Amino acid sequence: MALTLAKLTRPDAGEALLRERLFARLDTARNSPLVWISAPAGAGKTTLISSYIESNNYRNLWYQVDKGDADMATFFHYLGQAVKSTTRSRKKMPTLTPEYQLGIPEFTRNYFREAFHRLQPPALLVLDNFQDAGEGAELYEMLAGAFAEIPKDINVIIISRTEPPAPFARLRANQQLSQINWADLQFTIDEELAITQQRYPHRNITKQQLQKLHTHIRGWISGLILLLEQGVELDQVEFENKELSQEYLFDYFATEIFYKIDKDTQQFLIKTSMLPKMTASICKQLTGNRAASKILSELARKQYFTVRHGQLKPSYEYHPLFREFLQNRAEDSFAENEYKNLQSTAGVLLAKEGDIDYAMSLLEQGENWPVMTELILKYAKEQIELGRNRQVSHWIQALPDDVIEQQPWLIYWHGMSRLQYENNAARDVFEKAYARFKLKKDILGLYLSWCGIADSYVFVFNSFAGADRWVKELEWLQQTYPDPPGMEARGRLIFSASQLIFWIQPNHPLLPKWMGQMEKIYRFVPNKFLVIMSSVQLSVYYSQVGEMSKVCNISKRIEKLIPSVNHSPLLKSLLLMTSYAND
């Protein structure tokens, strides 16, 4: 999990230039609860904030956003890990499971109230690489609402290549958001001179030489460093155009430097560019280069577009522009099948380290379907319990159709990933899984896919058309295979069967048996959603049959459950309505 921890760890500032001019600007900007830092890649945004925190010893929570955070459940899952780790709290943060879907804005506000409370002001929450969540991400709107309530002595700092998106306009209008942009971040001539004297003390670089370059570099520090790394005399540098894009300059300079280093290091760099984040151990296994630790350490020490996270067990990542450059070199250097094998090997190594998200992305690119299937089957249940249904669905849909068709459990987990989000579609998938399990005589698969079908009817609730045949199918299933294997499967069957039969066949002769079994076990189930749904159902059922003493007992349990669902308006309303109806 070292690479996951890197996502939650502030990058080392190293020997970065302390930009007192911008430190003062940050102090002023923090009069607003939210500070937005925006500038192009390679402008020094992350280094600025990391050095600001380090030099002032501020309490902070650092979170590096990536494309996976476009899925809000993923964002809240990993941010919860960061909160728990930073505050050293044993208590877990809430997870965005499906029952919260109708109340995500309130969930988000409550989530951040809890996070800010645990941070203990004064403190900073930093969201780095915010643009990587993608354009139009649902996350933006939710965060804009939550950040309207940032408490005193807490600041949220967002680092992005882009300006604040539309949902943040109200915060800006209400002076709750301050901006530091590219014009502010551009290095002045004096700052460029300080950098060159710090990094290249043996070179007699003058202010006049830097003024000439400034026309082209325009305060973009990455361009200056790349140029100086070439070792050319600055008086000899000429450009055809006065203004050049950062991407062009980076590619031009990096190419010049790349082909001056030895072949072994070149191979190390282009192979390790497959990894979004890395440790020396993984790099050594991927490249076969025993000097992996030395190479990475030296790159980070020289601040050569390589960032280190942590000290005792450091992990590293290349600057996005540098990584993109190296990946382009890799594509030029390897045949297509070699490139995919490299991605696949990197994915397998990450999977062994437990960094599943990064591993899955690389395995998908490398088209390693067997390992990807193995990982999905291993982690699907855990990920769905964390609310990451959409992520599981994405993984399965990335597989070729023929791979999915050959594995009924992939079909089953695809249904589970859609349950409570797209119940009718989930039912179609469960029915396909059930048919496959029937052919294979897979007892556990049959019972669990039946439960999925039953739940899809109950959760959608607007139509039970076709549900009767599944009650009959349950009779066949229990006659053919009387006992579901395992306590978990038996528990799920009790919940699913009792709920479906209760709603579509309330006079079914076996309903009292099912409801009695539910009453015996529902209090001991760890899934809060099932506990709540069972409490409501038992309350309604015993009211109908006139067993008021049982209704009274269940009402007392409902009252104890209400405070635990403040994050979900839907569940809270359901419990309150049931409680009032019982009074």
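Just above, that's the structure.
Draft legend 1. Structural view of the pairing of strand β1 (residues 34–38). Among the 5 residues in β1, 5 count as buried, and that is most of the element. In β1, alternate side chains face the same way, and those of Leu 34, Trp 36 and Ser 38 on one face and Val 35 and Ile 37 on the other are all buried. Bridge count between β1 and strand β4 (residues 154–160): 5 bridges; the pairing is parallel. When the sheet's bridge partners are listed, Leu 34 is paired in β4 with Val 156. Where β1 lies against strand β5 (residues 177–180), 4 bridges are found, and the strand directions are parallel. Each residue of the ladder has a partner; that of Leu 34, found in β5, is Leu 177.

Draft legend 2. Examining unusual backbone geometry more closely. Cis geometry marks the peptide bond from Pro 121 to Pro 122; its omega dihedral reads 0°. The topology assignment puts Pro 122 in the loop between α5 (104–119) and β3 (123–128). Positioned with a positive phi, Arg 88 is a non-glycine residue whose angle comes to about 55°. Despite not being glycine, Gln 420 shows a phi value in the positive range, around 75°. Gln 420 gets classed as partly exposed once you look at its relative accessible area, which sits at 24%.

Draft legend 3. View of the environment of Ser 160. Residue position: Ser 160 is located in strand β4. Beyond its immediate chain neighbours, meaning those up to four positions away, Ser 160 contacts Trp 36, Ile 37, Ser 38, Ala 39, Lys 45, Phe 130 and Gln 131. Within the structure, the side chain of Ser 160 is placed 2.9 Å from the side chain of Thr 162, a separation counted as a polar contact.

Draft legend 4. Summary view of the environment of Asn 368. Mapped onto the fold, Asn 368 is located in the loop between α18 (356–365) and α19 (369–385). Apart from residues lying up to four places away in sequence, Asn 368 is in contact with Ser 344, Val 348 and Leu 363. A polar side-chain atom of Asn 368 sits 2.6 Å from a polar atom in the side chain of Ser 344.

Draft legend 5. Layout of the packing of helix α17 (residues 336–352) against α18. Where α17 contacts α18, the two axes come as close as 7 Å, and the packing angle between them is 160°. Overall, the two elements α17 and α18 adopt an arrangement that is roughly antiparallel. Judged by the twist between their axes, the crossing of α17 over α18 is left-handed. In this structure, α17 uses Lys 340, Gln 343, Ser 344, Ala 346, Gly 347, Val 348, Leu 350 and Ala 351 to contact α18, whose residues at the interface are Ile 356, Tyr 358, Ala 359, Leu 362, Leu 363 and Gln 365. Looking at side-chain class alone, the contact of α17 with α18 contains 9 nonpolar, 4 polar and 1 charged residues.

Draft legend 6. Region of the structure containing the sheet that holds strand β2 (residues 60–64). The strand order β2-β3-β4-β1-β5 describes an open sheet built from 5 strands, whose pairing is parallel. The open sheet has two free edges, formed respectively by β2 and β5, since each of these has just one partner strand. Looking at each pair of strands side by side, their axes are set apart by 15° on average, direction ignored. In the packing of helix α4 (residues 72–87) onto the sheet, the strands contacted are β2 and β3, and the crossing angle to β2 comes to about 150°. Strands in contact with α5 are β2, β3 and β4; relative to β3, the strand with the most contacts, it is inclined by about 130°.

Draft legend 7. Structural view of the nonpolar core. Ranked by size, the top nonpolar core spans 120 residues in total, and within it Leu 275, Tyr 318, Ile 376, Tyr 412, Trp 450 and Leu 500 carry the most contacts. Discounting residues that sit within four places of it in the chain, Tyr 412 has contacts with Phe 430, Ala 433, Phe 437, Leu 448, Ser 449 and Arg 492.

The rules behind each value
Residues numbered from 1 in each chain as written. Predicted model: local features only at pLDDT ≥ 70, side-chain atom pairs only at ≥ 80, totals over all residues. Heavy atoms only, no water. Buried < 20%, exposed > 50% of the residue type's maximum accessible area, 1.4 Å probe, protein only. Helix = DSSP H or I, 4+ residues; strand = E, 2+ residues; numbered from the N terminus. Pairing = 2+ DSSP bridges. Contact = heavy atoms within 4.5 Å. Polar contact = N/O pair within 3.5 Å; in protein donor to acceptor, adjacent residues only side chain to side chain. Axes fitted to C-alpha atoms, helices over the stretch in contact; angles between N-to-C directions. Parallel < 35°, antiparallel > 145°, perpendicular 65-115°, else oblique. Left-handed = near helix turned anticlockwise from the far one by under 90°. Nonpolar A, V, L, I, M, F, W, Y, C, P; charged D, E, K, R; others polar. Core = buried A, V, L, I, M, F, W, Y, C linked by side-chain atoms within 4.5 Å.

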